[in-house]
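Structural overview for review
As a plain string of letters, each chain reads:
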Amino acid sequence: MDVAFIIETIAKIVVILLVFSALAGLGTYFERKVLAFMQRRLGPMHVGPFGLLQVAADGIKLFTKEDIIPQNVVKPIFKIAPVITAATAFMASAAIPFWPQFTAFGYTVHPIVADINVGILYVLGVMAIGLYGPLLGGMASANKWSLISAARSAAVFISYEVITGLSLLAPLMMVGSLSLVDINNYQVGGITHWIVWSQPVAFVLFWIAAFAETGRTPFHLVANDHEIIDGFGTEYSGMRWGLFFIGEYANMFFISFVIAIIFLGGFGDGTIAGAFQLLLKVAFFFFFFLWTRAAWPDVRPDQLMWLCWKVLMPIAVLNIVVTGIVMMF
Amino acid sequence: MFEAIAFYLFAALTIVMFTITVMTSQALYAITAMAAGMIFISAFFFILGADFLGAIQIIVYTGAVMALYAFGMMFFDTTRDVVEKRTNPQIVFVLGVLAAIMVVAIFVAPVVSNNIQALYPIQENIGNSQAVGMVLFTKYLVPFELAAVMLLVAMIGGIVLAGKKMDKSLTLMNEEDILSMDDGFEPQEGGH
């Protein structure tokens, strides 16, 4: 293991952290603007041109706010819970190929931190650990509403992990590899080779489950808005609350990358055009998260569980069985 | 060298985490430390090149098993310390030490007598998950299928135990109906 490798890896980690922290901030701006336009408003307008500096204003506000630790909370756990959410989101990104490999100044760069051969398992597994953020945060808060919200969000996350896992099994059976790079290379032949055409059911199931895994509307039970509190984050203030937010938005970007790579061909043959197509696909999926939030109300917890266990899971299992039969003959 | 550093780092972290799990009287510390310890164990699999087992360790133990423990913890007031009932600490200590020695002996004995052989060495052209699959579906097929049947039995049992009155939604009923449901409940009803 040489020094160049270590320096390269650290550089990649820093770049990913900086880019996606910034994108998480910008994501809140996009969300406000998109929601505003869909509701015939202007959204943030006053800070900077088109309200672009609103992100900076929010950042300054979050960083300089007093960090309140309420009485009766379990202090170390209360403090560490937001860090878990943000950290697991970024840890999961270690196995995502963000961009095809390219050569800059005679040096070939692989824009993936760790090209392990079980990439997708690692990404989903570590993303699933993100559930400890809301869970521990709610349980340590000494607040009944936080606790209820924590239990509810944990139930949602665990249930929908089943859907993500099962829906992915069918495409993985076709590809025969768990590496995201291999999955991308399987679809290298262009738009007709995309897995979405052979696995449309798995695509829709995974997409639905992605909303639950990131805790977005219509599955936004994580912070239940109609209780007029912020769910598990009720007792949090300042940057600790902001870390939950960064984790959520980073997760939205990373899951968009995962959907685009697995089902929509990823970066294709690795040319610049393919790379920018990947970014466009990710942008579409991110926009779709916001679009759904503007267009749909939240569903009730029991409807959510009904959808998971009585509709989506049987469909996912059927999809696997059908895929298996088709592959056998 | 990096492997050695990583090994000792994660070994120390794992031991510290599980020590906290055992020693603390605060339930939330215990569950957080145990979840973290499970993740640190996965580091050993990654160091050994067993990526698949490492990822599975994270998913199964931290993602699923610990999350179920966390659900169990919802029944406690987690912000208060757990008061343990220690009637006879000496016996607990002696039994604990004996059990620890026994576990260490069980794992060390084959290593000391050089009786451990790598029956399925890593092959260059085969990936990690493929190698696991081959062993699982050849040598260990029967235990694997038995475990699958056991899990299926457990799942059906769980559904049967928890599935009573599942066709009624408490959120959709008004208060009188919920209250009258308890005394008017007959085991035979529900077939419609």
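Residues numbered from 1 in each chain as written. Chains lettered and ligands numbered in written order. Predicted model: local features only at pLDDT ≥ 70, side-chain atom pairs only at ≥ 80, totals over all residues.

Each helix and strand in chain A was counted, giving 12 helices and two strands. Starting at the N terminus and walking to the C terminus, you meet the elements of chain A as α-α-α-β-β-α-α-α-α-α-α-α-α-α. Relative to a compact globule of 329 residues, whose C-alpha radius of gyration would be 20 Å, chain A shows 20 Å and is just as compact. Looking at chain A residue by residue over its 329 residues, the buried ones come to 44%. Taking the contacts inside chain A whose residues are at least 6 apart along the sequence as the reference set, 78% of them involve residues at least 24 apart. (Helix = DSSP H or I, 4+ residues; strand = E, 2+ residues; numbered from the N terminus. Rg over C-alpha atoms; globule rule 2.2 N^0.38 Å. Buried ≥ 20, exposed ≤ 12 C-beta atoms within 10 Å, placed from the backbone. Contact = placed C-beta atoms within 7 Å.)

Here the focus is the overall build of chain B. Counting its regular elements, chain B contains seven helices and zero strands. In chain B, the succession of helices and strands from N to C terminus is α-α-α-α-α-α-α. Taking 192 residues into account, the globule formula puts the C-alpha radius of gyration at 16 Å, and chain B, at 24 Å, lies well above it. Counting over 192 residues, chain B shows a buried share of 16%. For chain B, the share of sequence-separated contacts (at least 6 apart) that also reach a separation of at least 24 residues comes to 51%.

Residues and elements named next belong to chain A. Taking 1.5 Å of rise per residue, the 32 residues of helix 6 (residues 144–175) would be expected to cover 46 Å, and the 46 Å separating its terminal C-alpha atoms lies within 8% of that figure. Of all the bends found along helix 6, the most pronounced is centred on leucine 169 and spans about 30°, while proline 171, a proline, follows it within four residues. Immediately downstream of helix 6, the backbone of glycine 176 shows phi near 80°, a positive value. (Expected span 1.5 Å × (residues − 1). Bend = angle between axes of the 7 residues up to and from the residue.)

Looking now at the environment of A:Ile96. All names here are of chain A. Tracing the chain through its elements places isoleucine 96 in the loop between helix 3 (75–92) and strand 1 (102–104). On the basis of neighbour counts, which here come to 24 C-beta atoms within 10 Å, the residue isoleucine 96 falls in the buried class. Isoleucine 96 sits 18 residues away from alanine 114 along the chain, and the two C-alpha atoms are 8.3 Å apart. Sequence-distant contacts of isoleucine 96, that is, excluding residues within four places in its chain, are made with Ile112, Val123, Leu180, Phe254, Phe257 and Val258.

Here the domain parsing of chain B yields domain 1 (1–83), domain 2 (85–126) and domain 3 (140–184). Summarising the inter-unit geometry, the C-alpha centres of domain 1 of chain B and domain 3 of chain B are found 30 Å apart. (Domains from an automatic or database assignment.)

Moving on to the interface of chain B and chain A. Taken together, the contact pairs 25 residues of chain B with 28 residues of chain A. Secondary-structure elements contributing two or more residues to the side of chain B that touches chain A are helix 2 (27–47), helix 3 (51–73) and helix 5 (128–137) of chain B. When residues of the side of chain B that touches chain A are assigned to their parent elements, the largest contribution, 11 residues, is made by helix 3 of chain B.

Residues and elements named next belong to chain B. Their axes nearest at 7 Å, the elements helix 2 and helix 3 cross at an angle of 170°. It follows from the interaxial angle that helix 2 and helix 3 lie roughly antiparallel. Facing helix 2, whose interface residues are Ala27, Ile31, Met34, Ala35, Met38, Ile39, Ile41, Ser42, Phe45 and Phe46, helix 3 presents Asp51, Leu53, Gly54, Gln57, Ile58, Tyr61, Thr62, Met66, Tyr69, Ala70 and Met73. Considering only residue class, the contact of helix 2 with helix 3 consists of 16 nonpolar, four polar and one charged. (Axes fitted to C-alpha atoms, helices over the stretch in contact; angles between N-to-C directions. Parallel < 35°, antiparallel > 145°, perpendicular 65-115°, else oblique. Nonpolar A, V, L, I, M, F, W, Y, C, P; charged D, E, K, R; others polar.)

Turning to the environment of A:Val322, a few remarks are in order. All names here are of chain A. Tracing the backbone through its elements, the reader meets valine 322 in helix 12 (residues 301–328). In this structure valine 322 comes out as exposed when scored by C-beta crowding, with 12 C-beta atoms within 10 Å. Expressed as a C-alpha distance, the spacing of valine 322 and valine 34, which sit 288 residues apart in the sequence, is 39 Å.

Bringing unusual backbone geometry into the picture now. Residue and element names in this part refer to chain A. Omega for the peptide link from threonine 217 to proline 218 comes to 5°, which places this bond in the cis form. Mapped onto the elements, proline 218 comes out in the loop between helix 9 (200–214) and helix 10 (238–263). Positioned with a positive phi, phenylalanine 50 is a non-glycine residue whose angle comes to about 55°. Looking at the secondary structure, you find phenylalanine 50 in the loop between helix 1 (3–38) and helix 2 (54–64). With 13 C-beta atoms packed within 10 Å, phenylalanine 50 lands in the partly exposed category. We note that alanine 142 has phi near 60°; this positive angle belongs to a residue other than glycine. Within the secondary structure, alanine 142 is located in the loop between helix 5 (132–140) and helix 6.

This part takes up the confidence of the model for chain B. The predicted coordinates of low-pLDDT regions are not to be read in fine detail. Residue and element names in this part refer to chain B. Residue-level pLDDT values for chain B average 83, and 93% of them are 70 or greater. Element-level mean pLDDT values for chain B span from 71 in helix 7 (residues 175–183) up to 93 in helix 1 (residues 2–23). Confidence over residues 186–192 falls short of pLDDT 50; this stretch has one contact with residues more than four positions distant or in other chains. For this predicted complex, the interface confidence score (ipTM) comes to 0.85, while the overall pTM stands at 0.87. (pLDDT = per-residue confidence, 0-100.)

Since the α-helix advances by 3.6 residues per turn, residues separated by three or four positions end up pointing in the same direction. In this model, helix 1 of chain B (22 residues) spans 31 Å end to end at C-alpha, consistent with the 32 Å of a helix rising 1.5 Å per residue. Along helix 1 of chain B, only zero of the 22 residues are buried, which leaves the element largely exposed.

Taken as a whole, chain A shows an average pLDDT of 88; of its residues, 98% reach a score of 70 or greater. Ranking the elements of chain A by mean pLDDT puts strand 1 of chain A last with 75 and helix 9 of chain A first with 93.

Our focus in this paragraph is the packing of helix 3 of chain A against helix 10 of chain A. Residue and element names in this part refer to chain A. Between helix 3 and helix 10, the least distance of the axes is 7 Å, while the angle of their chain directions is 25°. In this view, helix 3 runs roughly parallel relative to helix 10, as classed from their interaxial angle. As for the relative orientation of helix 3 and helix 10, their crossing is left-handed in sense. Along its contact with helix 3, which presents Pro82, Val83, Thr85, Ala86, Ala89, Phe90 and Ala92, the element helix 10 presents Arg240, Leu243, Phe244, Ile246, Gly247, Ala250, Asn251 and Phe254. Classifying every residue of the contact of helix 3 with helix 10 gives 11 nonpolar, three polar and one charged. (Left-handed = near helix turned anticlockwise from the far one by under 90°.)

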